[in-house]
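A look at the structure
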Amino acid sequence: MKRAILFISLCFLGLTTFSQTIISGKVTQINGEPMPGTNAFLSGTYDGGSANKNGEFKFKTTKTGEYILKVEFVGYESFSRKVELKGDSIRVNVQLKEAFNQLNAVTITAGTFEAGDKRQAVTITPLDMMTTAGAAGDVYGALQSLPGTTTVGESGRLFVKGGESEESQTYIDGSLVTVPYQSSAPNMGARGRFNPFMFKGTVFSTGGYSAEYGQALSSVLLLNTNDMPAEDQIDLSFLSIGLEFAGTKKWNNGAVTGTLSYHNLAPYMNLAPQNYNWSRAPESTSAAISFRQKTGKTGLFKFYSSFDNDGFTVQQIHPGSGVIPVDYKLANGNQFMNVSWNGNLGEKWTMNASGSFTNNQDDIHFEQTKGAKNIQGIFLKNVFSYPISERFSLKFGGEFVRKAYSQNAQIQNEIHDNNFANQSFSGFTEAQIYASSKFVTRVGGRVEYSDYLQRFNFSPRFSAAYKITGKSQFSLAYGWFYQNPLDDYLLYTNQLKPERADHYTFSFQSSANSRTIRAELFYKEYKDLVKLNGNQFYLPSSYNNSGTGYAKGFDLFWRDKKTIQNGDYWISYSYLDTKRNYRNFPVEAVPTFASKHNLAVVYKHWFGGMRSYAGVNLKYSSPRVYNNPNSTVFNGEKMLPYRSLDVSWSFLYRQNIIIYGAVTNIAGTKNEFGRSYGITPDESGIYPGTAIQPSSNRFFVLACFITLTRKGNANQMEKIE
Amino acid sequence: MKKIILSLAVVLVSLVSMAQKPEYMQAMGETLGGFSTCKNVEDFQALGNKFEMIANAEKGEWLPLYYHAECYILMSFVELSDPEKKDGYLDVAGKSIEKLLTMVPGEAEIYALQAFYFTGRLVVNPMERGQEFGQLTGQATGKALAIDPTNPRAKMMQLQMNIGSAPFMGVDPKSFCPQAKELLANWDNFKPKSAIHPNWGKDQVEGIVKGCE
């Protein structure tokens, strides 16, 4: 009996083998290229096969009847067709179309440096910003090794593509930072207020940015703070210039981090030679708290608040006061608060709500002059995004900004009180349209109304990108950008229009195999710039918007993480040609903040045996101009070029202890930022002048970072700057 | 007693469900045999294709999807030159793992596989990703071991992470040798739930132990 069953089943088996269907075919892309590795199978069965290197697949099936043949490959639209299995052979040639996927699709890169994405193709990561020698842990310092920027030592701020520092705006988690820099003495470099380690990603746009951002003629820097921390931890930092303490407590869906820091440059300044006499070395105390809470499935609420107090007294020679240095005393208090929520509303809508508050007070005292400046800023924004289809998405939102500025100056017995407050209401909308995964356009517009100037303006924005191959693409961007005149003018008049810049940017980018090359051409036309009549600064009725200017040039960027093992370098070069006729310029002239040639070479190397990460950074900016009132040519003098060779060394002593040292301008190259002159000539009719020097030729810092966690294996690797 | 009944019930249920699908068991068994002959990206992709096909036919089973993800993680390790390709393979694995986590939320093997996946992401660029993905790997192994403290694959992931990061941390990698030897000695004490449940990793531990000598 058993045998019989076996026999019958064998027969049956034989029969089924007999009615075998062979399915074969060739899989190609639209351009005819074969697609090896493609999966071809009968849906709902275990019968199928993979395509060989010629794109040919072939498999047998014992099934009969109607089935669906599926041909699939990751990133491509899957193919399916009904087949009738009758025991003969079937041949199906298949062409697969690339599926549309925004992640792999082209992105607009004109004018933009993005960091923080985990993708390899990205040009600069947050760690890069931190490990760049010479940045000295300053966000803005690190950005100055990217193309499109000029190093202006006496300011320290961002100067982008022929724009002034005021033309750049900083946003944290979507909100405007009204006072992003620390206060500094005249002609001394300022640093950013924020610790770079707060941020997980940055977008640095040097032109042609989205309609979401207004009130910036040159650039926007978008900083995104860290999301949820991984675990509880305590960070202790001991620096040659101060102490920092941070503690993080995490719970299920939220976390809180508190930071306290104290910096005092006195011990350092006693050791290192300084170019100025400091009656009181810079000293600062700050406290910050940040809070994160997940809400629902997708929402994340963030809150950050900081309080800073700092001050110093430096002896500077003041124009007009002769050659004896006088004390310049500054005390600054800054409170900043930032709130944001982003998440999904229902299935498709996403919302980003953000707001910030700033209160910044500077008290300045020199000679017989006492000055107090107060800035209060409120910012509110709400942005909605809606994907109408996979290829078409819409973004729109509204923004409210209030800025109140008051200045009180007491010169001997005279008192000058001035203030103004402006409220701006803005709305913007933008559509992003993918014609294919190779071609994208973004069209948008922004409307702003300023109640102080009583003016409306409209800014169109347009950008597009086209992918030529998987690795290379072209992008272009165009737009009108408006910004209200400087606060110092608005204090005295509201009879002005916003200033305007039109951007034209064209860029090429190619990255493959850990190497990236980028080239960008740009042209910027400045219109409606504020112009003073002669030197009548105190005659606000003479201010008008007849100023003009232009900036044009190109940027080159090359990054290579591959050629040198354990080494990584980039070279950035920018050429800038710019002239303006604005403010007190008697003629069209090159402004003082523009360098024709800017070069930065950054190299980093990991020494495994020594558990050390070393960095070298070379910077060069060609001589800028400055004005000598004793000369008949306006802005006719040239200062020294800026040169600096910076080094840094980080050593991983223990898994949770990092020792770090860095020297800026190790060669001690003399840098000088022109001369400043008195307002009035001396008895012999000559305006007296003094050289503007950096506060010291070299700067060094030593630090030790300790991280304590329960597991004890985290470290502040990201802190190595 | 209750525990025994419960585990008996579990065994029964799984036996019954498997008995109902001899074809599935056979297909899985044959496809799993393919791992031993895989040498390059193409081989793993072909194998991953088979698992994908089975997953497609057996929507309620998590194992085909598990092995599909494993194939794509292995592809990222086998691919030597192009970091973008590596990330591309890991993207596919990541999607399968996400699906698995919703299909069978309390399964230690899936977290162990997730740890493997995070290690893959780390290896693409250790310098930039070390911190973040080291932590994520640690978290995933932690979850796996919290569910099943005996899971040898989770232990191996933890061990590999510790050895990999040792040179950066100023620790002698050989200090983990006793742990590796112990893991290898006890490897066979872990009994997979069925012939087609995950049972890989012994070779890797053998490799680590070999490196100790």
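This structure is a prediction, so every number in the text was calculated from the model and none was measured. (Residues numbered from 1 in each chain as written. Chains lettered and ligands numbered in written order. Predicted model: local features only at pLDDT ≥ 70, side-chain atom pairs only at ≥ 80, totals over all residues.)

**Description of the overall build of chain A**
- The helix and strand inventory of chain A stands at 5 helices and 39 strands.
- Along the first, second and third principal axes, the C-alpha atoms of chain A reach 125 × 55 × 45 Å.
- Taken over 721 residues, chain A has a buried fraction of 37%.
- Considering only intrachain contacts with a sequence separation of at least 6, the fraction spanning at least 24 residues in chain A is 60%. (Helix = DSSP H or I, 4+ residues; strand = E, 2+ residues; numbered from the N terminus. Buried ≥ 20, exposed ≤ 12 C-beta atoms within 10 Å, placed from the backbone. Contact = placed C-beta atoms within 7 Å.)

**A short note on the overall build of chain B**
- Counting its secondary structure elements, chain B contains 10 helices and 0 strands.
- Its helices and strands taken in sequence order, chain B reads α-α-α-α-α-α-α-α-α-α from the N to the C terminus.
- The proportion of buried residues among the 213 residues of chain B is 37%.
- Within chain B, contacts between residues separated by at least 24 positions form 58% of all contacts whose residues are at least 6 apart in sequence.

**Focus: the sheet that holds strand S2 (residues 39-42) of chain A**
Residue and element names in this part refer to chain A.
- The strand order across the open sheet built from 4 strands is S3-S2-S5-S6, with neighbouring strands paired in antiparallel fashion. Here the strands that pair on one side only, and so sit at the sheet edges, are strand S3 (48-50) and strand S6 (79-85). Strand after strand, the sheet turns through a mean of 15 degrees between neighbouring axes, direction not considered. (Pairing = 2+ DSSP bridges. Axes fitted to C-alpha atoms, helices over the stretch in contact; angles between N-to-C directions.)

**What about the domain arrangement of chain A?**
- Domain boundaries assigned for chain A yield domain 1 (2-96) and domain 2 (112-719).
- Spacing between the C-alpha centres of domain 1 of chain A and domain 2 of chain A amounts to 60 Å. (Domains from an automatic or database assignment.)

**Let's talk about the domain arrangement of chain B**
All names here are of chain B.
- You can read the domains of chain B as domain 1 (23-105) and domain 2 (109-213).
- Of all elements in the fold, only helix H2 (22-33), helix H4 (63-78) and helix H5 (83-103) reach the threshold of two or more residues within the side of domain 1 that touches domain 2.
- The greatest single-element share of the side of domain 1 that touches domain 2, amounting to 9 residues, is contributed by H5.

**A closer look at the pairing of strand S27 (residues 499-512) of chain A**
All names here are of chain A.
- Two elements, strand S26 (residues 472-483) and S27, share 12 bridges in a ladder whose sense is antiparallel. In the strand pairing of S27, Leu476 is matched with Phe506.
- As paired strands, S27 and strand S28 (residues 515-531) are joined by 13 bridges and run antiparallel to one another. When the bridges of S28 are listed, Thr505 appears paired with Phe522.
- Hairpin remark: S27 followed by S28, antiparallel, with 2 residues in the connecting loop; positive phi at Asn513, about 55 degrees.

**Describing the interface of chain B and chain A**
- If you look at the interface, chain B gives 26 residues, while chain A gives 30 residues.
- Secondary structure elements with two or more residues in the side of chain B that touches chain A: helix H3 (41-57), H5, helix H7 (126-147) and helix H8 (152-169) of chain B.
- Ranked by residues supplied to the side of chain B that touches chain A, first place goes to H3 of chain B with 9 residues.
- Among the residues forming the side of chain B that touches chain A, the class breakdown is 12 nonpolar, 8 polar and 6 charged. (Nonpolar A, V, L, I, M, F, W, Y, C, P; charged D, E, K, R; others polar.)

**Side note on the environment of Phe197 of chain A**
Residue and element names in this part refer to chain A.
- Structurally, Phe197 can be placed in the loop between strand S11 (175-176) and strand S12 (199-205).
- On the neighbour-count criterion, Phe197 (20 C-beta atoms within 10 Å) is buried.
- As for Phe197 and Gly668, which are separated by 471 residues in sequence, their C-alpha atoms are 29 Å apart.

**Some words on H3 of chain B**
- Here H3 of chain B contains 17 residues, and its C-alpha end-to-end distance of 24 Å stays within 8% of the 24 Å for a straight helix at 1.5 Å per residue.
- Of all 17 residues in H3 of chain B, 13 are buried; the element is thus mostly enclosed. (Expected span 1.5 Å × (residues − 1).)

**Brief notes about the packing of H4 of chain B against helix H6 (residues 108-124) of chain B**
Residue and element names in this part refer to chain B.
- Close contact between H4 and H6 brings their axes to 10 Å; oriented N to C, the two are set at 20 degrees. The orientation of H4 with respect to H6, classified from their angle, is roughly parallel. Like other packed secondary-structure pairs, H4 and H6 cross with a definite hand, here left-handed. Between H4, through Tyr66, Ala69, Glu70, Ile73, Ser76 and Phe77, and H6, the contact on the second element is made entirely by Glu109, Ile110, Leu113, Phe116, Tyr117 and Gly120.
- For the contact of H4 with H6, the residue count by class is 8 nonpolar, 2 polar and 2 charged. (Parallel < 35°, antiparallel > 145°, perpendicular 65-115°, else oblique. Left-handed = near helix turned anticlockwise from the far one by under 90°.)

**Some details on the environment of Thr64 of chain A**
All names here are of chain A.
- Mapped onto the fold, Thr64 is located in the loop between strand S4 (56-61) and strand S5 (65-72).
- For Thr64, a count of 14 C-beta atoms within 10 Å translates into the label partly exposed.
- Considered as a pair, Thr64 and Gly87 are 23 residues apart in the sequence and their alpha carbons are 7.3 Å apart.
- Look past the residues within four positions of Thr64 in its chain and what remains in contact with it is Ser19, Leu85, Lys86 and Gly87.

**Observations concerning the environment of Gln315 of chain A**
Residue and element names in this part refer to chain A.
- As for its position among the elements, Gln315 is in strand S18 (residues 299-316).
- For Gln315, a count of 16 C-beta atoms within 10 Å gives the class partly exposed.
- Those residues in contact with Gln315 that lie beyond four places of it in its chain are Tyr276, Asn277, Ser279, Pro325, Val326 and Asp327.

**With respect to the packing of H6 of chain B against H7 of chain B**
All names here are of chain B.
- Running from N to C, H6 and H7 cross one another at 170 degrees; their axes reach a closest spacing of 8 Å. Classified by the interaxial angle, the pair formed by H6 and H7 is roughly antiparallel. Residues Ala108, Tyr111, Ala112, Gln114, Ala115, Phe118, Thr119, Arg121, Leu122, Val123 and Val124 of H6 lie in contact with H7, whose contacting residues are Pro126, Arg129, Gly130, Phe133, Gly134, Leu136, Thr137, Ala140, Thr141, Lys143, Ala144 and Ile147.
- Taken together, the residues of the contact of H6 with H7 sort by class into 14 nonpolar, 6 polar and 3 charged.

**A word on H2 of chain B**
- The first and last C-alpha atoms of H2 of chain B sit 16 Å apart over 12 residues, in line with the 16 Å expected at 1.5 Å per residue.
- On its buried face, H2 of chain B sits against H3 and H4 of chain B.

**Considering the pairing of S6 of chain A**
Residues and elements named next belong to chain A.
- Two strands pair when backbone bridges link them, and S5 and S6 are joined in this way by 7 bridges, in the antiparallel orientation. Residue pairing across strands places Gly65 opposite Leu85, the latter belonging to S6.
- Hairpin geometry of S5 and S6 is characterised by an intervening segment of 6 residues between the two adjacent antiparallel strands and by a positive phi of about 90 degrees at Gly75.

**Notes on unusual backbone geometry**
Residues and elements named next belong to chain A.
- You will see that Gln215, though not glycine, has its phi angle at about 55 degrees, which is positive.
- Mapped onto the secondary structure, Gln215 falls in the loop between S12 and strand S13 (219-225).
- Residue Gln215 is classed as buried on the basis of its 21 C-beta neighbours within 10 Å.

**Observations regarding the confidence of the model for chain A**
Residues and elements named next belong to chain A.
- Per-residue pLDDT for chain A averages 88, and the proportion of residues at 70 or more is 92%.
- When the criterion is pLDDT under 50, residues 116-122 qualifies, and its contacts beyond four places in sequence or with other chains add up to 16 contacts.
- This model gives residues 717-721 a pLDDT under 50, and the stretch forms 23 contacts once residues within four places in sequence are excluded. (pLDDT = per-residue confidence, 0-100.)

**Here we look at the nonpolar core**
- Membership of the largest hydrophobic core comes to 63 residues, with the highest contact counts inside it found for Tyr72, Ala93, Ala112 and Ala115 of chain B.
- Excluding residues within four positions of it along the chain, Ala93 of chain B makes contact with Ala69, Tyr72, Ile73 and Tyr117 of chain B.
- The next biggest cluster of nonpolar side chains, apart from the first, holds 37 residues, and it includes Phe159, Tyr209, Leu496 and Ala501 of chain A. (Core = buried A, V, L, I, M, F, W, Y, C linked by C-beta atoms within 7 Å.)

**A few points about the confidence of the model for chain B**
All names here are of chain B.
- With 91% of its residues at a pLDDT of at least 70, chain B reaches an overall mean of 86.
- Between the elements of chain B, mean pLDDT differs from a low of 52, seen in helix H1 (residues 2-19), to a high of 95, seen in H4.
- Per the prediction output, this complex has pTM 0.83; the corresponding ipTM is 0.80.

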